[in-house]
Amino acid sequence: MADHSNRRVTLLCRPTKHLSSGSDPKTYWLVGSPFFPPLTVASLLLRLSSDDLHKESEELRTLIPKGFEVIGALASGAGAEAQAAVDAARGLRMLLYGEEEGENRPVIGAVAAGSGELKFFVSESGKPKSLEEIDSVVEEEHSEKYVWENGCLVRCELPIKLPVYYSLKNTSDVEKEYVRATEAVVTKLRDSQAVYMLEALNKTSMDLPAPIVIHGGHLDFRADLSNIRASAEGGDNFDVNSLPCSYFSVSSKGSSGFSVENADTIQVSVLFNSLGPSSASAVPVAEYIPVQDETRLLVVDIKLDVLCYASKKLPLRHAVSRLIIPGLVDQLNALQNSMLPNLLAQHPQIQPYHFSPPGVLHPVTVFYELSFGETEMKQVEVRKSLHSRLGLPFDRPLLRIANALDFSKLKNPVSQQKGSTLLRDVHIGIPNSGVSGGSVSLVQGSYEYFHYLQDGFNDSGWGCAYRSLQTIISWFRFQNYSSIEVPSHRQIQQTLVEIGDKDPSFVGTRDWIGAIELSFVLDKLLGVTCKVINVRSGAELPEKCRELALHFETQGTPIMIGGGVLAYTLLGVDYNEASGDCAFLILDPHYTGTDDLKKIVNGGWCGWKKAVDSKGKSFFLHDKFYNLLLPQRPNMV
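Parameters at a glance
- Residues numbered from 1 in each chain as written.
- Predicted model: local features only at pLDDT ≥ 70, side-chain atom pairs only at ≥ 80, totals over all residues.
- Heavy atoms only, no water.
- Disulfide = S-S within 2.5 Å.
- Buried < 20%, exposed > 50% of the residue type's maximum accessible area, 1.4 Å probe, protein only.
- Pairing = 2+ DSSP bridges.
- Helix = DSSP H or I, 4+ residues; strand = E, 2+ residues; numbered from the N terminus.
- Salt bridge = Lys/Arg side-chain N within 4 Å of Asp/Glu carboxyl O.
- Expected span 1.5 Å × (residues − 1).
- Core = buried A, V, L, I, M, F, W, Y, C linked by side-chain atoms within 4.5 Å.
- Contact = heavy atoms within 4.5 Å.
- Axes fitted to C-alpha atoms, helices over the stretch in contact; angles between N-to-C directions.
- Parallel < 35°, antiparallel > 145°, perpendicular 65-115°, else oblique.
- Left-handed = near helix turned anticlockwise from the far one by under 90°.
- Nonpolar A, V, L, I, M, F, W, Y, C, P; charged D, E, K, R; others polar.
- Phe/Tyr/Trp six-rings, centres within 6.5 Å; stacked < 30°, edge-to-face > 60°.
- Lys, Arg positive; Asp, Glu negative; His and termini not counted.
- Polar contact = N/O pair within 3.5 Å; in protein donor to acceptor, adjacent residues only side chain to side chain.

*Asks:* Looking at this structure, how should I read the state of the cysteines?
*Replies:* A disulfide bridge is the covalent bond that connects two cysteines by way of their sulfur atoms. Considering all chains together, one arrives at zero disulfides under this definition. Of the cysteine sulfurs around Cys 152, a residue in no disulfide, the closest is that of Cys 245, at 4.3 Å. In this structure Cys 152 comes out as buried when scored by relative accessible area, which is 1%. Free of any disulfide, Cys 156 has its nearest cysteine sulfur in Cys 308, 8.6 Å distant. Judged by its relative accessible area of 0%, Cys 156 is buried.

Written as structure tokens, this is what we have:
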């Protein structure tokens, strides 16, 4: 009999960050992996369908990548009970993984008490009504390293053209024929003549292992992922059927760290091979079967794109049979359920996308129906639902297509992101502010550094506010709130003319603009509203540090400082509330040199500025007023 006296729950996530306040009862699914020690929780997903477990299973089946699985449930709110959480988790596992796999694992039942304290229990397989409380709960400090140091991604893209024949006299047959075509694809995936080619997707190294080929006849569809290990690491006479996933690992991560984006990735290609070896001679055979009624052919184009997680010790053939093929089958079934109701009336454009949202250790896969674009109301509601399930904020578009994982960068890392080659995020790594005991609040997300004389355009002496506006708009682009190009000075001026703020003669001039004009342009081009803070003197700016810190913590957008005779971009504040000491992280658009990061930082063009420095010199002029423009995040997903 197994000794469970030293059992412990390991938390790779922080459950209390996900739990919503209030007494309303809620259930959260606990997600782990067969490649982790038992009772290891990687993430929490909110249960959305409180009375429909089947609907939950259908949504989670493709959302959670293969290699991760539901291992329990957490109940919170009034009347929360561990046994009810266990029962719900077992019921979901039965629907997701079948009777055998759904029952043969221990299941966690957790309860969030009113005080916020979490209690964990475990229910052993075969003893569904017997709960054992787990007193030892450990929070892993280096969660991403825990997941990705010994794990990798396995991906398979499979475009398919499904031929569907149906009688014009009986169009209801189209659903039956679509199901038949789908079943034929599943049969071919599991066929002994199918061939799977595996290769490293990471192209950053010149010394990559050769691709390998695995034949369908060597696949094992019943292997237990939690117990299988590779028996060979390679060598001159290695057996491809024993090779582990680590065969394709990059030896060093360098400075890139551990994350979904930097994980070793194995690409799997499916080759349907019907030309297997045969000792008997044969000639091609064509069979003619006449149809009774007039028939039409409907070719349905679908794209499958499966992303899985695997231990690097897992044999590659098991990664194909137990992760990739089940993932492809699940996506086929999900597409079938989505397409069948309106297959003839409307051919839905359904595509899978992979995301790595902040705070979620593993990727998630989402299907979007894009016939009417991703801003169509139904798609907005889909994203809101996903934000709820994943515990994501509702004021930032984290699951739009522009945020999807881009594996083409792994295939060709030399190619850069489309658009500008300007310096990005120049404040990262700069020296500290010198404020003792201060709390630093910074811009959240990426931006580009716009300054004088860029693109061969001479705006020295008048264009600083324009450059600050361009930096702010680049931030909204990088956070995927907008896809518009960063406007030129002339386009900014033209926008102000179009809204009636300026006369037509304003276009092409070297006239200054200020915070108010910037707010007009942001509203017109991006639909972004702004808050304005006015101070009568530069000496009053330190009094606004608490308010500015709150802005960076809640909104996270760059701030434009105008007024006086100069305009700056503010990227953060370092503020000691007890002493009142503070510093401002200034990005200065008045720089006229080349985009040399070292030169910019050493020259103080991006750096911390005290209101009064050690020599008694004031950065903000005491005899000038200042307007601070605080762009607000749009409330959108």
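Picking up after the structure, the text goes on.
*Asks:* Please explain the sheet that holds strand E1 (residues 8-11) as it appears in this structure.
*Replies:* Strand-to-strand pairing in sheets goes through backbone hydrogen bonds, with the strands running parallel or antiparallel. Spatially, the three strands line up as an open sheet ordered E3-E1-E9, and their pairing is parallel. The strands lining the two open edges of the sheet, one partner per strand, are strand E3 (40-41) and strand E9 (136-139). Sheet analysis places E1 next to E3, joined by two bridges and oriented parallel. When the sheet's bridge partners are listed, Leu 11 is paired in E3 with Val 41.

*Asks:* Looking at this model, I keep getting lost on the pattern of salt bridges. Mind explaining?
*Replies:* Pairing of side chains with opposite charge becomes possible as their charged atoms draw close. Within this structure, the stated rule accounts for 26 salt bridges. A salt bridge links Arg 61 to Glu 58, with the nearest nitrogen and oxygen atoms 3.4 Å apart. Taken together, the positions of Arg 61 and Glu 58, both in helix H2 (residues 53-63) and three residues apart, correspond to about one turn of that helix. Residue class for Arg 61 comes out buried when judged on its relative accessible area of 17%. Relative accessible area serves as the criterion here: at 29%, Glu 58 is assigned to the partly exposed category. Among the salt bridges present, the one from Glu 485 reaches Arg 477, with a minimum N-O distance of 4.0 Å. You can call Glu 485 exposed: its relative accessible area is 59%. The network of salt bridges with shared partners includes Glu 69, Arg 93, Arg 105 and Asp 224.

*Asks:* I'm lost on helix H7 (residues 377-390) in this one. Help?
*Replies:* Three- or four-residue spacings in an α-helix give side chains the same orientation, since the helix completes a turn every 3.6 residues. Across its 14 residues, H7 extends 20 Å between first and last C-alpha, which sits within 8% of the 20 Å expected from 1.5 Å per residue. Within H7 the residues assigned to the buried category are Gln 379, Val 380, Arg 383, Leu 386, His 387, Arg 389 and Leu 390.

*Asks:* Would you mind showing me how to read the nonpolar core here?
*Replies:* Here is a general trend for soluble globular proteins: nonpolar side chains tend to be buried in one another's company. Judged by nonpolar contacts, the single largest core of 98 residues is most densely connected at Leu 189, Tyr 196, Leu 198, Ile 302 and Leu 316. Counting residues per element, this core draws most heavily on helix H6 (residues 316-339), which supplies eleven residues. Apart from residues no more than four positions distant in its own chain, Ile 302 is found in contact with Leu 158, Pro 159, Ile 160, Leu 162, Tyr 178, Leu 332, Leu 335 and Met 339. Residues Ala 465, Tyr 466, Val 521 and Ile 561 belong to the second largest nonpolar core, which totals 62 residues.

*Asks:* Help me understand the packing of H2 against H6 in this model?
*Replies:* Packing of H2 against H6 brings their axes to within 9 Å, and their N-to-C directions diverge by 130 degrees. What the angle tells us is that H2 and H6 run oblique. When the axes of H2 and H6 are compared, the crossing they make is left-handed. For the pair H2 and H6, contact is made by Glu 58, Arg 61 and Thr 62 and by Asp 330, Gln 331, Ala 334 and Asn 337, respectively. Taken together, the residues of the contact of H2 with H6 sort by class into one nonpolar, three polar and three charged.

*Asks:* Got a minute to help me understand the side chain of His 318 in this structure?
*Replies:* Mapped onto the fold, His 318 is located in helix H6. The residues contacting His 318, other than those within four sequence positions of it, are Asp 220, Ala 223, Ile 228 and Leu 323.

*Asks:* What's the story with the pairing of strand E12 (residues 212-215) in this structure? I'm lost.
*Replies:* The side-chain alternation of E12 yields one buried face, formed by Ile 212 and Ile 214, and one unburied face, formed by Val 213 and His 215. Sheet topology places strand E11 (residues 195-200) next to E12; four bridges connect them, and they run antiparallel. Residue pairing for E12: Tyr 196 is matched across the bridge by Ile 214.

*Asks:* Teacher, can you tell me more about the sheet that holds strand E13 (residues 265-271) here?
*Replies:* Strand order in this open sheet of five strands is E12-E11-E13-E10-E14, and the pairing throughout is mixed. Single-partner strands in this sheet number two, and they are E12 and strand E14 (295-311). On average, each strand axis in the sheet is tilted by 25 degrees relative to the strand beside it, whichever way the strands run. Where strand E10 (residues 151-167) lies against E13, four bridges are found, and the strand directions are parallel. Counted as the bridge partner of Val 154 is Ile 266 from E13. Against the sheet, helix H5 (residues 173-189) makes contact with E10, E11, E13 and E14, and its axis sits at roughly 140 degrees relative to E10, the strand it touches most.

*Asks:* Help me out: how do you make sense of the pairing of strand E2 (residues 26-32) in this one?
*Replies:* It is a general feature of regular strands that their side chains alternate between the two faces of the sheet. Across the seven residues of E2, six count as buried, placing the element largely inside the fold. By the bridge criterion, four bridges tie E2 to strand E4 (residues 43-46) in an arrangement that is antiparallel. Bridged to Leu 30 within E4 is Leu 44.

*Asks:* How should I be thinking about the environment of Asn 104 in this particular structure?
*Replies:* Structurally, Asn 104 can be placed in the loop between helix H3 (82-103) and strand E6 (107-112). Judged by its relative accessible area of 35%, Asn 104 falls in the partly exposed class. Between the C-alpha atoms of Asn 104 and Glu 124, which are 20 residues apart in sequence, the distance is 8.3 Å.

*Asks:* What is the right way to read the packing of aromatic side chains from this model?
*Replies:* For any pair of aromatic rings, geometry is given as the distance between the ring centres together with the angle between the planes. Under the defined criterion, the tally for this structure stands at 20 aromatic pairs. When the ring of Tyr 353 is compared with that of Tyr 368, the centres are 6.1 Å apart and the planes differ by 35 degrees; the resulting orientation is tilted. Here Tyr 368 lies in strand E16 (residues 364-369) and Tyr 353 lies in strand E15 (residues 350-355), a separation of 15 residues in the sequence. The class of Tyr 353 is buried, set by a relative accessible area of 18%.

*Asks:* For this particular structure, what's the right way to read the side chain of Asp 425?
*Replies:* Tracing the sequence through the fold places Asp 425 in the loop between helix H8 (408-411) and strand E17 (439-442). One buried charged side chain, Asp 425, makes no salt bridge at all; its nearest oppositely charged neighbour is Arg 424, positioned 5.2 Å away. Polar contacts involving the side chain of Asp 425 include one to the main-chain amide nitrogen of Tyr 447, which spans 3.0 Å.

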